[in-house]
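# Notes for the structure review
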Amino acid sequence: MSNLHVPFFRPSITDDEITEVVKCMKSGWLTTGPNAIEFEKEFEALYDDGIHAIAVNSATAALHLGLEAMGISEGDEVIVPTLTFTATAEVVRYLGANPIFVDIDRKTFGIDLESIRAAITPKTKAIMPVHFAGRACDMTALRVLADEYGLKILDDAAHALPTRHAGKLIGDIGADATAFSFYANKTMTTGEGGMLVTRNADIAARARVMRMHGIDRDVFNRFTDTKASWMYDVVAPGFKYNLTDIAAAMGRVQLRKIDVFQNARERLVKRYKSAFADLPVTLPADAADGDTHSWHLFIIQVNEDAAMDRNELVAHLKKNNIGCSVHYRPLHQMTFWSTGNGGNKFPNADAYFEGCISLPLFMDMSDAEQDRVIDVVSKALLG
């Protein structure tokens, strides 16, 4: 056990996924086709009737399409938490709009509601809450706030499948549209991929057109119906954001396991929390009552009285052949994003970043692997 390597993440891929991917490759239909269409239908089936799901090649693409379909344009302002991956803010700039950073709630890591209210101006058009690490933001309160000012909400749910708020799956509560990620380290994966989810038929229709070059017929439709494949129109300067059938074939299998994956992560989180209860660390908050945490990440914050600080712990874990990461350095600390946000201060995000470290957490993590992480972290922080 003393030499056991523990990666930060390892995807859960079985013969089921491999079989479906091979079947897709043998079918001769590799790009967007029957698997992608069925994947969308099966994703929609997670919700009550009326949900539209648009499969795309990344969550970044889903975020971009969502904002574009909401009409966000040059000079508009979109409120974004500073604690997020750069994609959340960069898609705002794609449209010539300005991301306005706000601080986080110190306990939950989610966007701070009072900071949102203070940042709203006549130029504000939308709010982008991030369900950080898989814990739901308070979408009930966010919807009330957005309606008060006539704002749209686009969920960044890259960490948040199958997160629930007030008993409802994220994507169907509070937001006008929601972007999910199927990147390799997410709860379920297609390798690269994402999904835009909305109840708004106009947003869905626009996203479908813009997903494929602004063409008014999707590729699969053009090559399978009786109308000539070249009989289409270009109605906008769109993008190339479609999901391949190979990725969708994998995603369809993974989607069927989503609750099993979440349950496995939650079991591991409970073991971590029990083992670390007396360490000089701040443990992540559980889901609020009535919510479900997807536990995409398990993040501890190293307290000042620990025998090592965060950076020393990162180095110590690496030395002991244990993977870890840091999620994230707040955007306002990054060179590109460090200007243009009104000189706002972000004390909660800054304090969080000083001590945060993401420990290994993945569906197939063995008890022996987790026990090794627990042993090394505990001895390091107690000195």
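Nothing here was measured: the structure is a model prediction, and the numbers come from that model.

Calculation criteria
- Residues numbered from 1 in each chain as written.
- Predicted model: local features only at pLDDT ≥ 70, side-chain atom pairs only at ≥ 80, totals over all residues.
- Heavy atoms only, no water.
- Axes fitted to C-alpha atoms, helices over the stretch in contact; angles between N-to-C directions.
- Helix = DSSP H or I, 4+ residues; strand = E, 2+ residues; numbered from the N terminus.
- Parallel < 35°, antiparallel > 145°, perpendicular 65-115°, else oblique.
- Left-handed = near helix turned anticlockwise from the far one by under 90°.
- Contact = heavy atoms within 4.5 Å.
- Pairing = 2+ DSSP bridges.
- Core = buried A, V, L, I, M, F, W, Y, C linked by side-chain atoms within 4.5 Å.
- Buried < 20%, exposed > 50% of the residue type's maximum accessible area, 1.4 Å probe, protein only.
- Disulfide = S-S within 2.5 Å.
- Polar contact = N/O pair within 3.5 Å; in protein donor to acceptor, adjacent residues only side chain to side chain.

### Looking at the packing of helix α3 (residues 59-69) against helix α7 (residues 201-211)
- Following both chains from N to C, one finds α3 and α7 inclined at 125°, their axes separated by 9 Å at the closest point. The angle between the axes of α3 and α7 places the two elements in the oblique class. Handedness of the crossing formed by α3 with α7: right-handed. Contacts from Leu65, Glu68 and Ala69 in α3 reach Ile203, Arg206, Ala207, Met210 and Arg211 in α7.

### Here we look at the sheet that holds strand β5 (residues 152-157)
- With mixed pairing, the seven strands of this open sheet are ordered in space as β1-β9-β8-β5-β4-β2-β3. Because the sheet does not close on itself, it has two edges, and the strands there are β1 (52-56) and β3 (98-102). Sheet twist, expressed as the average angle between the axes of neighbouring strands with direction ignored, equals 25°.
- Where strand β2 (residues 77-81) and β3 come together, five bridges link them in parallel fashion. Opposite Ile79, over in β3, you have Ile100 as the bridge partner.

### Let's talk about the sheet that holds strand β10 (residues 281-282)
- Reading across the sheet, the three strands line up as β10-β11-β12 and stay open at both edges, with antiparallel pairing between neighbours. Edge positions in the open sheet fall to β10 and β12 (356-359), since each of these has one partner strand only.
- Across two bridges, β10 lies against strand β11 (residues 298-302) in antiparallel orientation. Note on β11: the bridge partner recorded for Thr282 is Gln301.
- Contacts from helix α11 (residues 310-319) reach β11 and β12, with the element oriented near 25° to β12.

### Observations concerning the nonpolar core
- Ranked by internal contacts, the top residues of the largest apolar core, which has 116 residues, are Phe43, Phe180 and Phe276.
- Among residues more than four places away in sequence, those in contact with Phe43 are Ala53, Leu161, Phe180, Phe182, Met195, Val197 and Leu255.

### Focus on the environment of Asn321
- Note on placement: Asn321 falls in the loop between α11 and α12 (347-355).
- Once you skip the residues sitting within four places of it in the chain, Asn321 turns out to touch Asn3, Leu4, His5 and Val6.

### Remarks on the state of the cysteines
- Counted according to the given criterion, the structure contains zero disulfides.
- This cysteine, Cys324, is not joined by any disulfide, and Cys356 carries the nearest cysteine sulfur, 11 Å off.

### A short note on the side chain of Thr189
- Following the sequence through the fold, Thr189 ends up in the loop between β8 (177-181) and β9 (194-198).
- Within the local environment of Thr189, its side chain forms a polar contact with the backbone oxygen of Tyr183, the two atoms lying 3.2 Å apart.
- Reaching out from Thr189, the side chain makes a polar contact with the backbone nitrogen of Gly191 at a distance of 2.8 Å.
- Setting aside residues up to four positions removed in sequence, Thr189 forms contacts with Ile13, Phe182, Tyr183, Ala184, Met250, Gly251 and Gln254.

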